Amino acid sequence: MKVHFSIRYKTVWGQRLLVTGNIPALGNGDPKQALSLSYNFPEEWTGMVDVTDEEVSRLRYRYLLLNENAGTYTEEWESGRTVPEAEKSPAHVFCYDQWNATNDPGNIFLTAPFKKVLLKDRHRSSLLEYPKKFTHIFKVKAPVLDARQQVCIIGNCDAFGNWSTQKPLILQKYGDEWQLAVDLSRCGSNEVHYKYGFYDPEDGVFCGFEEGSDRSAVLLNDKKVIVQQNDGFIRTNVFGWRGAGVGLPVFSIRTRKSFGVGDFEDMKLFIDWAAKVGLKLIQLLPLNDTIGTHTDEDVLPYAAISAFALNPLFLYLPSLGRLPAKHPLAAEYKSLQAELNAKELVEFLEVVNFKLRYAREMYLLQQEKYKSNKEFLRFIADNEYWLMPYAAFCVLRDKFGTSDYRQWEQYASFNEEMVRALSAPESELREEIFLNYYIQYHLHLQLSETHTYAHSKGVVLKGDIPIGVNRNSADTWAHPEFFNLDKQAGAPPDMFAVKGQNWELPTYNWEAIQQTGFDWWKRRFAQMSHYFDTFRVDHILGFFRIWQIPTDQIEGIMGHLHPSVPVHSNEFSERSIWFDYNRYCKPYITDPILHELFGDDASWVKANCLQIEDGWVLRLKPPYTSQKNVEEMCKEGLFSEKIKWGLFDLISNVLFFEAEGSNRTLFYPRFGMQSLSTFRDLDFSTRAKLDDLYVDYFFRRQDAYWYKSGMEKLPALKRSTNMLICGEDLGMMTQCVTDAMKETGILSLEVQRAPKTNTQEFFHPADAPYLSVVTPSTHDMSTIRGWWEEDRGVTQRFYNQQLGHFGDAPFFCEWWVCRDILLQHLYSPAMWAIFQMQDLLGISEKLRRENPHEERINVPSNSRFSWRFRLHLTMEELLEEDEWNDELRNFIQQSGRS
């Protein structure tokens, strides 16, 4: 059989179309061996291969766009096109296809949340049966088709009813497509014109045609030929589907059964409430294990010790089984449950330590049973890639009293043979290893059950993938080659942290990860898909570039963008800037600056922390050039906190950071240099030239480089999962990030008070693109009510300009202000409007907290003392608040998000 390919695609010089597939003639999936198509004017690309009868049934193919100059490939969003199988194999099959762009909105509705829940069972797939005689197969996708309708076809020949809508041909649903095999041999012309339409079979009514002009198909009038017409998506408005969701950390859920923290069982009541008011999505924070130090520092959900393991904090203890009545932990559980559940905030250490003790006792009682449990053993085998190193990491962490594996003697470097030996029958640590297996197994069962429960209620779960992992983690221990352990990630200064953020997480060695085909990341996504339908990519900018900080510095302001095109020393002379390395790249210190920073302590600092160079220039002594050293000396009591912060400011009072190993030839501008005294004391002309160089570095020269960096990662990672992907694209945005997200069909995040351009003070939800999530606040921000009281001037402008009210804004955020903001977002054109639970409670004077500043989940500049927020009401109480629930449900329904 000869298979002919034909596709229309508008290319530019240096581009051509290929066909790749799972047979030798199409390269067996290797793009370099794919079939190169021939160009036919005006925009058609064609080609042909010989296919054996055995290959026909398994053939899967898709198109590639080759950018010859860059040597890169763009893949269409198809898992594998097929060719028809007839009772008698034809001599030729002509496949007329349409390119399926990754960012086609129709593809969104074929992702997991829609296929499994939101649009599930609208049209059941049937067993595909072709008639004995047919010349053409028509295929089209219609993922948002009304549940009462079917796809039909009408055209200008007898077989298609000659445009009559009385008896249209009905297509058959098979998989994601609607198909029709039909004999057009008697149409008597060279082509047929047709359109798809919508038919109501129950009432026997034709409901209308698809949008756009007529389609056409060739008529070859040869009995040995079959024409397959792949028409892509039916042309209809897909932008009408919009949903609403709620965001709340699992630890913040409160029920009457909670053990001082929300757990996976508590989520079920939260799901019940969401379904009751018409919310279709629940957004959660990361659920990975963060227990690295057994201290309060472990509360940070974005510093996991494993990118795969779940946090024992969320374990629902009764599902493990009951301890004997006389066991001391049984009585302790009962008393602690009431005590901890009455607390306003999460007592992290007390809760997680008890849960670990309880799980240990239950495992000791059940260990023999579980060692022969087939499901338990299958879980261990299926998850060995991450579970074995994770369990060993936990056991060795406790054995050596530290999560810093560099101190683990013979285990300092990961050795699979040695690690595997820890679980051997003769190992003294075997039971400890299996205890961690046991805990992870039950966490997996509980969250999987909750995920299934959410689906039964018509609700999807949205997870959160942190951009990084803890420096001392199972992942960096087992796969150090994937990380730059001598660097740390963070973020430049913004409205949330004036000195930037240092997350103390290692940055990625993307080159090494890419060489594995992004295997570690793909496994991460696969693990997420067990529990979630969609997910938020934390700090998606990190896939393009990361804010990288040297490990001897503490403040985020000491970082630079990586990768990036640095400033070359020649650029200074090209811009007529006199370049003085010592003046620009070393801390600028004068007596007035010392007095400004230290006041009465200036003399002490000058005498103890500084030295004179070149006869008169003040420089920091070597021990004081590192913020980390300064921090340690402060902890030892050598000087006060005031002096510490002043020294931090001196260290960061530079114009440029030298690129490592560049021998004074490459430099990164210090972010926000214009606000520094070292910049202020330059002459006007030099300031203007440096400012232009600064703008060029941060906002002009990097776009093409960062776009290439992001597009090397995102398409491959997106293709590895069918979950709906949403990006957290806040921060120092550039156009290349926006372009790449649009090109890959990743939903953006639009926050009303955090516009992505400095020409606007606010972003209006009505201006959101369809493929986006709109929200009035995030977990890193104050809630609506808290923000309202932060800056009276900002609030007044928002009140008049965004809400359209006249006069003075109320001093406090009244319930009706919260309602107006809620409605703005519900009526946005964005696909999703997601609200923090606290903001939904804000529309009720009865239910909202008295103090809005107690509602905040995280303060980015002080994360170690955040992440303990709990609802002040139980989910049982909220389920009974009919007036509030009815009001919310009505708002959601009226906005068309139900």
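See the structure shown above.
Residues numbered from 1 in each chain as written. Predicted model: local features only at pLDDT ≥ 70, side-chain atom pairs only at ≥ 80, totals over all residues. Heavy atoms only, no water.

Structurally, Gln801 is set in helix 26 (residues 792-802). Along the primary structure Gln801 and Val395 are separated by 406 residues, whereas in three dimensions their C-alpha atoms are 57 Å apart. (Helix = DSSP H or I, 4+ residues; strand = E, 2+ residues; numbered from the N terminus.)

This part covers empty space enclosed by the protein. Summed over all chains, the structure comprises nine cavities of 30 Å³ or more. Quantified by volume, the largest cavity comes out at close to 140 Å³. Those elements giving two or more residues to the lining of the largest cavity turn out to be strand 20 (460-465) and helix 13 (519-529). Across the lining of the largest cavity, the residue classes tally to eleven nonpolar, three polar and two charged. Taken as a whole, the second largest cavity spans an internal volume of roughly 100 Å³. Lining the second largest cavity are 15 residues, with Phe251, Val299, Asn311, Leu313 and Phe314 sitting closest to its centre. Residues belonging to the lining of the second largest cavity are distributed by class as follows: twelve nonpolar, three polar and no charged. (1 Å grid on protein atoms, 1.4 Å probe; cavity = no way out; pocket = protein on both sides within 12 Å on 5 of 7 lines; lining within 4 Å. Points joined across faces, edges and corners; volume = space filled by probe spheres on them. Nonpolar A, V, L, I, M, F, W, Y, C, P; charged D, E, K, R; others polar.)

With that settled, consider the pairing of strand 20. Two faces make up the sheet, and in a regular strand the side chains alternate between them. Strand 20 sits mainly inside the fold: six of its six residues count as buried. In strand 20, alternate side chains face the same way, and those of Val460, Lys462 and Asp464 on one face and Leu461, Gly463 and Ile465 on the other are all buried. Where strand 19 (residues 281-283) and strand 20 come together, three bridges link them in parallel fashion. Within strand 20, the position partnered with Ile282 by the bridge is Leu461. Pairing between strand 20 and strand 23 (residues 534-537): four bridges, direction parallel. (Buried < 20%, exposed > 50% of the residue type's maximum accessible area, 1.4 Å probe, protein only. Pairing = 2+ DSSP bridges.)

With that out of the way, let us pick up the sheet that holds strand 29 (residues 656-658). The strand order across the open sheet formed by three strands is 26-30-29, and the pairing between neighbours is antiparallel. Two strands bound the open sheet, and with one partner strand each, they are strand 26 (567-568) and strand 29. Bridge count between strand 26 and strand 30 (residues 666-669): two bridges; the pairing is antiparallel. Residue pairing across strands places Val567 opposite Phe667, the latter belonging to strand 30.

Our next topic: the pairing of strand 16 (residues 215-218). Of the two faces of strand 16, the one holding Arg215 and Ala217 is buried and the one holding Ser216 and Val218 is not buried anywhere. Sheet topology places strand 14 (residues 191-200) next to strand 16; four bridges connect them, and they run antiparallel. What sits directly across from Glu191, in strand 16, is Val218.

Here the focus is the environment of Arg148. Assignment of secondary structure puts Arg148 in the loop between strand 9 (136-141) and strand 10 (150-155). Put simply, Arg148 and Tyr199 are 51 residues apart on the chain and 8.4 Å apart in space, counted from C-alpha to C-alpha. Beyond its immediate sequence surroundings of up to four residues, Arg148 is in contact with Tyr199, Asp200 and Pro201. (Contact = heavy atoms within 4.5 Å.)

Turning next to the pattern of salt bridges. Under the counting rule described, the total for this entry stands at 57 salt bridges. The salt bridge partner of Asp296 is Arg868, with a shortest N-O separation of 3.5 Å. Placement of the pair is Asp296 in the loop between strand 19 and helix 5 (328-341) and Arg868 in the loop between helix 28 (837-841) and helix 29 (875-879), with a sequence separation of 572 residues. Looking at Arg868, the relative accessible area reads 15%, which means it is buried. In this structure, a network of salt bridges that share partners links the residues Glu571, Arg575, Asp692, Asp696, Arg700 and Arg701. (Salt bridge = Lys/Arg side-chain N within 4 Å of Asp/Glu carboxyl O.)

Let's shift gears to the environment of Leu650. For Leu650, the position within the fold is in helix 19 (residues 641-651). In this structure Leu650 touches Pro587, Tyr588, Ile589, Ile593, Leu594, Leu597, Phe598 and Leu620, once residues within four positions along its chain are discounted.

The next point concerns helix 26. What helix 26 keeps buried is the set Val794, Thr795, Gln796, Phe798, Tyr799 and Gln802. Against the buried residues of helix 26 lie helix 25 (784-788) and helix 27 (815-826). Among the residues of helix 26, the N-terminal cap falls to Asp791, whose side-chain oxygen and the backbone nitrogen of Gly793 are separated by 3.0 Å. One or two steps after helix 26, the chain reaches Gly804, where phi turns positive at roughly 75°. (Polar contact = N/O pair within 3.5 Å; in protein donor to acceptor, adjacent residues only side chain to side chain.)

What follows deals with the packing of helix 4 (residues 267-277) against helix 30 (residues 882-894). The interhelical angle for the contact between helix 4 and helix 30, taken along N-to-C directions, is 55°, at an axis separation of 8 Å. Regarding the angle of helix 4 to helix 30, the classification is oblique. Where helix 4 abuts helix 30, its residues Trp273, Lys276 and Val277 lie against Asp882, Trp884, Asn885, Leu888, Arg889 and Ile892. Along the lines of polarity and charge, the residues of the contact of helix 4 with helix 30 split into five nonpolar, one polar and three charged. (Axes fitted to C-alpha atoms, helices over the stretch in contact; angles between N-to-C directions. Parallel < 35°, antiparallel > 145°, perpendicular 65-115°, else oblique.)

Ranked by size, the top nonpolar core spans 208 residues in total, and within it Trp273 and Leu647 carry the most contacts. Beyond its immediate stretch of four places on either side in the chain, Trp273 contacts Val246, Leu279, Met837, Leu840, Met875, Leu878, Leu879, Trp884, Asn885 and Leu888. In terms of nonpolar packing, the next biggest core, distinct from the first, is built from 27 residues, Val19, Val49, Val51 and Val56 among them. (Core = buried A, V, L, I, M, F, W, Y, C linked by side-chain atoms within 4.5 Å.)

Before going further, it helps to spend a moment on helix 27. Taking 1.5 Å of rise per residue, twelve residues should cover 16 Å, and helix 27 covers 16 Å from first to last C-alpha, within 8% of that figure. Looking at helix 27, one finds that the buried residues are Val817, Cys818, Asp820, Ile821, Leu822, Gln824, His825 and Leu826. (Expected span 1.5 Å × (residues − 1).)

All right, on to the sheet that holds strand 2 (residues 15-21) then. Ordered in space as 3-2-6-7, the four strands form an open sheet in which the pairing is antiparallel. A single partner strand is all that each edge strand has here, and the edge strands are strand 3 (35-36) and strand 7 (72-75). As judged from the seven bridges shared by strand 2 and strand 6 (residues 61-67), these two strands associate in the antiparallel manner. In the sheet register, Gln15 faces strand 6, and the bridge partner there is Asn67.

Relative orientation of the contacting elements helix 18 (residues 627-635) and helix 19 amounts to 170°, with a least axis distance of 10 Å. One finds that helix 18 runs roughly antiparallel with respect to helix 19. Facing helix 18, whose interface residues are Gln627, Val630, Glu631 and Cys634, helix 19 presents Glu641, Lys644, Leu647, Phe648 and Ile651. Looking at side-chain class alone, the contact of helix 18 with helix 19 contains five nonpolar, one polar and three charged residues.

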